[in-house]
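Overview (structure and organization)
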Amino acid sequence: MVTEGKRPDEETQRRNGQASARRLQGLRELIQRFETGGSVTREPYSSGLPALDAALPGGGVSPGSIVEWLSSGPGSGAGLWGAAVIREACRRRPGWIVLVDRDGVWHPPALASLGLSLDRLLWVRPRDEAEERWVIDQSLRCPAVVAVWTAMERLEARWARRFRAAAEQANTLGIFERPLAAACSPSWADLQLFIRPLTSEGRWRFEIEVVRGRGRVRGMRFEAEIDEFDGAIRECLHVGERNEPSRRLRYWLQTSRGVFDEAPSHGDLVSRLAGAAPRRRSARA
Amino acid sequence: MVIWFPDWPVQRRVVVRPELRKKPVVVFHEDARGVRRVVSCSPLAWRWGVRKGWSWSEWEALAPQSDTIHWYIEKHEPVADREALEVLADRCRWFTPLVGLEDGDEPEGLRLEITGVAEWFGGERELARRLLAWLRRAGWWPRTAIADTLGQAWGMARFAPSMLACTRLLPPSQTSLPRYLDENHAATLSQRRRVSATPRGVFDEEEHRWLETHRWEMIGSTEAGSGKVAEGVAVASTVDEREENCWILEAGERGDFDELPVTALRLPQEMVSTFERLGILKISQLRRLPRESLVARFGDLPLQRLDQADGNLEETWEPFRATPELHCEQGLEIPATDREILWPILQGLIEELTQRLRRRRAGVLRLEVVWHGESTPTIRWGIDFFQPSADTKHLLKSLAIKLDRTIWLSPIVGVEVEVQLDSPLPHRQLELFDSGDCDVSAASELIEVLSGRLGRERVLEVKLIEDPQPERSFEALPVVGRRDSRLALATRHDIAVRSGKRRLRKAVSEKSDLKIESTATSRIEEVLRRPLRLRRQPEPLEVISLNKSELRAEHRRLPAAFRLRGIVQRVHRYWGPERIETGWWRGPWVRRDYFRVEMTSGERYWIFRSGRLGHWFLHGEF
């Protein structure tokens, strides 16, 4: 009798548990939809950092998104991290990589050594900024392209919006390397990361901070290193989650305020109203 | 009839760029190991002592190097040379419909079948005169010969002018003969009936040019431009052949041909060397040998060539057909500039062209549209395609962009459309369901749009080269307008993979020798050994101090700090040196000691010390 009496309870509990799990899953999807602006959920690419992937909506860098790597300049290793995401994207989806290189400085043998197939690399060398913008826009709109990789100093709001729309339309990943000063201007990127190389006695070590991003990733900081022999990324320390920029980034924001506090153009105003306003938000925090 | 263009690689460049006429031009061939050899040189370079077959080091050592001599050096481009000769062959069809290229991978001459054609021009001599005049006006310096057989004409075109030049020198004992003619040969020729020479001669400017063109080594001290030469040089007074630079063998005559060297029989160089060692220098000497012994010792080839030259053995050759059916043109009765008038004409021409292409199962890779203006020069549009296409809409889409952007300065009187490069259409089986091939059309569209606006030289694919010098370790090639684009082949491979067609995938891989992901795995041990960004020109570094105490003896000259972009950067640690010592055969010696340095800020750079100067340079950033 006792055993017979227990069976319905266990069954009910199991059913209730399954219903709760489904409800939770539904709520997670709903939250994710809010976080991603209602876009279709796609299989994400890993950024190379498990903690960051777990915090990002969808569990990684979404195809059809724009990722900006901010660094203090060439030599900081931002390209290595961009290459890691692109390598992962190419592994998951066949297609081309479009490398937009106005100065003609990228070194293809190094790209090959990082695991990118040169048989699928289209190297475009525009003459000026206008051509560069147009090439990026066209490439992001092409469904045959997996990723568009470029480095650019400044990016106007209207072009940023176009890039974002183009990437979403064709499901193309945009990897932009930008100077640290870009953190002061409005951004339409889905994810903006600040990378800072560190001195170490072993592997090349980096500190990575999420400047902008959807979900609960903003302010997260990591320390990771790259193996010099196989190019593998190892996350060695999750520094923490903060809602304000780190000291170095804050220093940059303060020192560059004079330069970037100019009167905004019409396009900038629209984007600021519609998009993120980093300085105001940091002031609130 | 045979037309020979001496030093065709140089001629091609000089005709395109007339300013090179006054410069010594040298064309080098670089083999897979990077060894350079002189393939061709201009008359002026010849005058400065440069010879074919020289290595780069010989050129450096023997050619005069000074500030007053501006050498123009270019890499050998056999494909471009052949294409230019094909264009010329196509234009020569104005004289006769049957025009062909010489045999071999790198032809330097044309064959023209003029049987039954010469009468229309007033005889063979008149035809040759008009043809040569036309070529000279265009800037070429050709040699021609007309004979009964192709073998005779080939030999006479190449060797008869030199023979004629020999006859102009009297006495032979006072002359130093050209290197490619032996003394016996010249002595025999000097007694020929055509020579009428004076013991003293004066070269005028035209003769100077002729001598330079034919690489004649002038004797005595010459004063360029003054028209005076030293005593002892004689010049033939009959100059009609010289002006025409054409040798015509009458029907049945073969005396002059027999006086030519054995090389004129188109024999391999090894065989010619063997003949020379045996003392057989002229064709007439070869004829005296018993045929059986010739076959036993040298095989069938010498007799075959002799019989072909005599006309006893028929020789066939294939005329060059420059895709005559892939060219359409239309004239306008009333000149116009309106798009509404020009666009339908262009549509009609493209429609006609694509129909012909589809019949041949071919697609266009490079299209040229020529607009003839009423008072302005012709406007040429070159449009390159990523994949061979015979789709009218596709071609018209590319042309519509160009047409919309064009502003006509003069009314158009005629339009020509020509397929300059075509390729077989890739076989695609019709699928019941979508197999994802839409990406291919999207990819082609992207490439063509980018190339159309930026130019084909700015949309590139990369090919790695095994060269230790970093800036030479890869080659960037245009993606469009080429039959062997690796990107196009990789795209086809992807389709094959996606659609599961094993046979097609294998065929594409075998045909293209495409090794997918080969570059990704083969160099995995070199991760972070090369920088992601490499400067086109190494940037000189301002060294702040030298780290003499901490570093080992052989690395003592590594800077402890340097100034970069106005900021002093201190070295935290380093890897190296990695010595790259190469390129001695290319000219400037490359000897660099590379270091990967990590600065105190964490940034990493690739710097090197120049072996020659000992200066420090920044070459790349990680």
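Quick summary incoming for the structure in this document. (Residues numbered from 1 in each chain as written. Chains lettered and ligands numbered in written order. Predicted model: local features only at pLDDT ≥ 70, side-chain atom pairs only at ≥ 80, totals over all residues. Heavy atoms only, no water.)

Some details on the overall build of chain A
Inclusion rule: For helices the rule is a DSSP run of H or I covering at least 4 residues; for strands it is a run of E covering at least 2, with both sets numbered from the N terminus onward. Here a residue-residue contact requires only that any non-hydrogen atoms of the pair lie within 4.5 Å. Accessible surface is estimated by sampling points in the Shrake-Rupley manner with a 1.4 Å probe; for residues, cover comes only from the protein chains shown.
When you go through chain A residue by residue, the secondary structure sums to 10 helices and nine strands. Taking contacts inside chain A between residues at least 6 apart in sequence as the whole, the part at least 24 apart equals 65%. Summed over all atoms, the accessible surface of chain A reaches about 13,000 Å², with 50% contributed by carbon and sulfur.

Some words on the sheet that holds strand 11 (residues 379–389) of chain B
Residues and elements named next belong to chain B. Basically, it comes down to this: Strands are labelled as partners when DSSP assigns at least two bridges between them. In this description, a line fitted to the C-alpha atoms serves as the axis of each element, helices being fitted only across the stretch in contact, and the angle between N-to-C directions of two axes falls anywhere from 0 to 180 degrees.
If you trace the four strands from one edge of the open sheet to the other, you get 9-12-10-11, paired in antiparallel fashion. Two strands close off the open sheet at either side, each with one partner strand: strand 9 (327–336) and strand 11. Across the sheet, the axes of successive neighbouring strands diverge by a mean angle of 15°, strand direction being ignored. One ladder, built from 11 bridges, connects strand 10 (residues 362–373) with strand 12 (residues 412–424); its direction is antiparallel. Along strand 12, the bridge assignment pairs R366 with L421. Of the strands in this sheet, strand 9, strand 10, strand 11 and strand 12 are in contact with helix 15 (residues 339–359), which crosses strand 9 at around 165°. The sheet strands contacting helix 16 (residues 392–405) are strand 10 and strand 11, and the helix crosses strand 11 at an angle near 150°.

Section: the sheet that holds strand 8 (residues 246–248) of chain B
Residue and element names in this part refer to chain B. Strand order in the open sheet made by the five strands is 5-6-1-7-8, with mixed pairing throughout. Each having just a single partner strand, strand 5 (99–101) and strand 8 make up the two edges of the open sheet. Between one strand axis and the next, the sheet turns by 20° as a mean value, whatever way the strands run. Pairing analysis gives three bridges linking strand 7 (residues 143–146) to strand 8, with the strands arranged parallel. Looking at the pairing, I146 lines up with I248 of strand 8. Set on the sheet, helix 4 (residues 78–92) makes contact with strand 5 and strand 6 (109–112); between it and strand 5 the angle comes to about 165°. The strands touched by helix 5 (residues 124–137) are strand 1 (2–4), strand 6, strand 7 and strand 8; relative to strand 8, the strand with the most contacts, the crossing angle is about 165°.

Focus on the packing of helix 5 (residues 129–140) of chain A against helix 6 (residues 157–170) of chain A
Residue and element names in this part refer to chain A. The following threshold applies: Roughly parallel refers to an angle under 35 degrees, roughly antiparallel to one over 145, roughly perpendicular to one between 65 and 115, and oblique to any angle outside these ranges. The residue classification treats Ala, Val, Leu, Ile, Met, Phe, Trp, Tyr, Cys and Pro as nonpolar and Asp, Glu, Lys and Arg as charged. All others, Gly included, are polar.
The N-to-C vectors of helix 5 and helix 6 enclose an angle of 20°; their axes lie 8 Å apart at closest approach. Taken together, the axis directions place helix 5 and helix 6 in an arrangement best described as roughly parallel. Here R133, W134, I136, D137 and L140 of helix 5 come into contact with helix 6, specifically with W159, R162, F163, A166, A167 and A170. In terms of residue class, the contact of helix 5 with helix 6 is made up of eight nonpolar, no polar and three charged.

Focus: the pattern of salt bridges
To keep things clear, this is the line we draw: We define a salt bridge as a contact between a side-chain nitrogen of Lys or Arg and a carboxyl oxygen of Asp or Glu at a distance within 4 Å.
All told, the structure shown has 55 salt bridges over all chains when counted by the stated rule. Among the salt bridges present, the one from E539 of chain B reaches R535 of chain B, with a minimum N-O distance of 2.2 Å. Salt bridges sharing partners connect three or more residues here, namely R102, E129, E132, R133, R154 and E156 of chain A.

A closer look at a negative patch on the surface
All names here are of chain B. Cut-off, in case you're wondering: To count toward a patch, a residue needs a relative accessible area above 30% and no salt bridge. Like charges then connect within 9 Å, nonpolar side chains (Val, Leu, Ile, Met, Phe, Trp, Tyr) within 5 Å. Charged-residue counts in this description rest on Lys and Arg as positive and Asp and Glu as negative, His and the chain ends being excluded. To locate a charge, the coordinates of NZ of Lys, CZ of Arg, CG of Asp or CD of Glu are taken. Here the term buried applies to any residue with accessible area under 20% of the maximum for its type, exposed to any over 50%, and partly exposed to those in between, with areas from a 1.4 Å probe on protein chains only.
Taken together, the side chains of E119, E124, D148 and E250 present a region of like negative charge at the surface. By secondary structure assignment, the location of E119 is in the loop between strand 6 and helix 5. Note on E119: relative accessible area 61%, which makes it exposed.

Brief notes about helix 5 of chain A
One turn of the α-helix equals 3.6 residues, which is why residues spaced by three or four share an orientation. Residue and element names in this part refer to chain A. Just so we agree on the cut-off: Helix span, as expected, comes to 1.5 Å for every residue beyond the first.
Its 12 residues place the ends of helix 5 17 Å apart at the C-alpha level, agreeing with the 16 Å of an ideal helix rising 1.5 Å per residue. Most of helix 5 sits inside the fold, with nine of its 12 residues counted as buried. Those residues of helix 5 not exposed but buried are E131, E132, R133, W134, V135, I136, D137, S139 and L140.

Some remarks on the packing of aromatic side chains
Let me state the cut-off plainly: Here the aromatic set is Phe, Tyr and Trp, taking the six-membered ring for Trp, and pairing holds for ring centres within 6.5 Å; pairs whose planes are under 30 degrees apart are stacked, those over 60 apart are edge-to-face, and all others are tilted.
Here the structure, examined in full by the defined rule, presents 24 aromatic pairs over all chains. Aromatic pair W204 of chain A and F206 of chain A: ring centres 4.7 Å apart, planes at 45°, arrangement tilted. Residues W8 of chain B and W140 of chain B carry aromatic rings whose centres are separated by 5.0 Å and whose planes lie at 15° to one another, so their mutual orientation is stacked. With W8 of chain B in helix 1 (residues 8–16) and W140 of chain B in the loop between helix 5 and strand 7, this pair connects stretches of sequence that are 132 residues apart. Per residue, the accessibility class of W8 of chain B equals that of W140 of chain B, and both read buried. In this structure an aromatic cluster arises from ring pairing among W69, W81, W204 and F206 of chain A.

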